[in-house]
Amino acid sequence: MRADAQRNRERLLDAAVNAFTTEGPEVTLESVAKAAGVGIGTLYRHFPTREALVEAAYRNELSRLCDAAPELAATLSPDKALRAWMDRFLDYMTTKHGMADALRAVIASGGNPYAHSRDRMIAALAQLLAAGIDAGLIRADLTADDVLVGLSGITFAAGKPEQRAQAGRLLDLLIDGLRSQS
């Protein structure tokens, strides 16, 4: 893909996430294209249907979350990298909840935007946990699945944007529970 086409695609995905999260599933594709600074023809060249746009926007957010793990692991101490990834997980889940109606429409049309989501998140978490365990900072008796369930519980209990401070305190509590006692 040409560089300008890739930039347009990224702008469209960012605009779609914002629009579907804030305005809901009925947002017009014309308004998404306008917010991205492109014409409607450009949107349709990249995403021939509304469902294709919603699914691509969701998958892009998932990729941003999961692809952050190696970068965080390379730039922060293992415990701080894990905590930073948890913050990104909260952002991802807030976006996912905001896009829930649009994602349900994708599922109703036969798509499966969630295929491989859990596997990708488990792999990212496992990498971060392994680094923490190797450094002696994180307990070795937990799995990435355990931590993902804990994170999911936090987003269920305090996942709204206005609950962000509480969610942060709960993440700190979770990190404290993950710390090695040695």
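Now for a look at the structure at hand. Since this is a predicted model, take the numbers as computed values, not measurements. (Residues numbered from 1 in each chain as written. Predicted model: local features only at pLDDT ≥ 70, side-chain atom pairs only at ≥ 80, totals over all residues. Heavy atoms only, no water.)

Focus: the overall build of the chain
For step 1, the next point in the chain: Secondary structure summary: the chain contains nine helices and zero strands in total.
For step 2, the next point in the chain: Along the first, second and third principal axes, the C-alpha atoms of the chain reach 60 × 35 × 30 Å.
For step 3, the next point in the chain: Counting across all 182 residues of the chain, residues that qualify as buried make up 39%.
For step 4, the next point in the chain: Of the contacts made within the chain by residues no fewer than 6 positions apart, 70% connect residues no fewer than 24 positions apart.
For step 5, the next point in the chain: A total accessible area of about 9,300 Å² is found for the chain, and carbon and sulfur atoms account for 54% of it. (Helix = DSSP H or I, 4+ residues; strand = E, 2+ residues; numbered from the N terminus. Buried < 20%, exposed > 50% of the residue type's maximum accessible area, 1.4 Å probe, protein only. Contact = heavy atoms within 4.5 Å. Areas by Shrake-Rupley, 256 points an atom, 1.4 Å probe, with all protein chains shown as cover.)

Points about the packing of helix α5 (residues 78-98) against helix α7 (residues 117-134)
For step 1, the next point in the chain: Closest axis-to-axis distance for the α5/α7 pair is 8 Å, and the angle between their directions is 160 degrees. Classed by the angle they form, the pair α5 and α7 counts as roughly antiparallel. Classified by chirality, the crossing of α7 by α5 is left-handed. Of the residues in α7, those touching α5 at P78, A81, L82, W85, F89 and Y92 are M121, A124, L125, L128, L129, A131 and G132.
For step 2, the next point in the chain: Grouping the amino acids of the contact of α5 with α7 by side-chain chemistry returns 12 nonpolar, one polar and no charged. (Axes fitted to C-alpha atoms, helices over the stretch in contact; angles between N-to-C directions. Parallel < 35°, antiparallel > 145°, perpendicular 65-115°, else oblique. Left-handed = near helix turned anticlockwise from the far one by under 90°. Nonpolar A, V, L, I, M, F, W, Y, C, P; charged D, E, K, R; others polar.)

Focus: the nonpolar core
For step 1, the next point in the chain: Ranked by internal contacts, the top residues of the largest apolar core, which has 54 residues, are L53, L82, W85, F89 and M121.
For step 2, the next point in the chain: The greatest single-element share of this core, amounting to 11 residues, is contributed by helix α4 (residues 50-75).
For step 3, the next point in the chain: Leave out the neighbours within four places in its chain, and F89 touches L65, M121, L148, L151, S152 and T155. (Core = buried A, V, L, I, M, F, W, Y, C linked by side-chain atoms within 4.5 Å.)

Let's talk about α7
For step 1, the next point in the chain: In a regular helix each residue adds 1.5 Å, so 18 residues correspond to 26 Å; α7 covers 26 Å between its end C-alpha atoms and thus fits that length.
For step 2, the next point in the chain: Those residues of α7 that are buried are in contact with α4, α5 and α8 (144-158).
For step 3, the next point in the chain: G136 occupies a position one or two residues after α7 and carries a positive phi of about 75 degrees. (Expected span 1.5 Å × (residues − 1).)

Considerations on α5
Think of an α-helix as turning once every 3.6 residues; residues three or four places apart then point the same way.
For step 1, the next point in the chain: Here α5 spans 30 Å end to end across 21 residues, near enough to the 30 Å set by a 1.5 Å rise per residue.
For step 2, the next point in the chain: Burial in α5 covers these residues: D79, A81, L82, R83, W85, M86, F89, L90, Y92, M93 and T95.
For step 3, the next point in the chain: For α5, the secondary structure elements touched by its buried residues are α1 (3-23), α4, α7, α8 and α9 (164-178).

Overview of the packing of aromatic side chains
For any pair of aromatic rings, the description rests on two quantities: the centre-to-centre distance and the angle between the ring planes.
For step 1, the next point in the chain: A full pass over the atoms with the stated rule returns four aromatic pairs.
For step 2, the next point in the chain: Residues Y58 and Y114 carry aromatic rings whose centres are separated by 5.3 Å and whose planes lie at 85 degrees to one another, so their mutual orientation is edge-to-face. Here Y58 is found in helix α4, whereas its partner Y114 is found in the loop between α6 (100-108) and α7, with 56 residues between them in sequence.
For step 3, the next point in the chain: Classification of Y58 by relative accessible area gives buried; the value is 1%.
For step 4, the next point in the chain: The class of Y114 is partly exposed, set by a relative accessible area of 30%.
For step 5, the next point in the chain: Ring centres of F89 and Y92 lie 6.2 Å apart, and the angle between their planes is 45 degrees; on these two criteria the pair is classed as tilted. One end of the pair is F89 and the other is Y92, both in helix α5 and three residues apart, which spans about a single turn. Here the two residues F89 and Y92 agree in accessibility, since each one is buried.
For step 6, the next point in the chain: Here the aromatic cluster, defined as three or more aromatic residues joined through ring pairs, consists of Y58, W85, F89, Y92 and Y114. (Phe/Tyr/Trp six-rings, centres within 6.5 Å; stacked < 30°, edge-to-face > 60°.)

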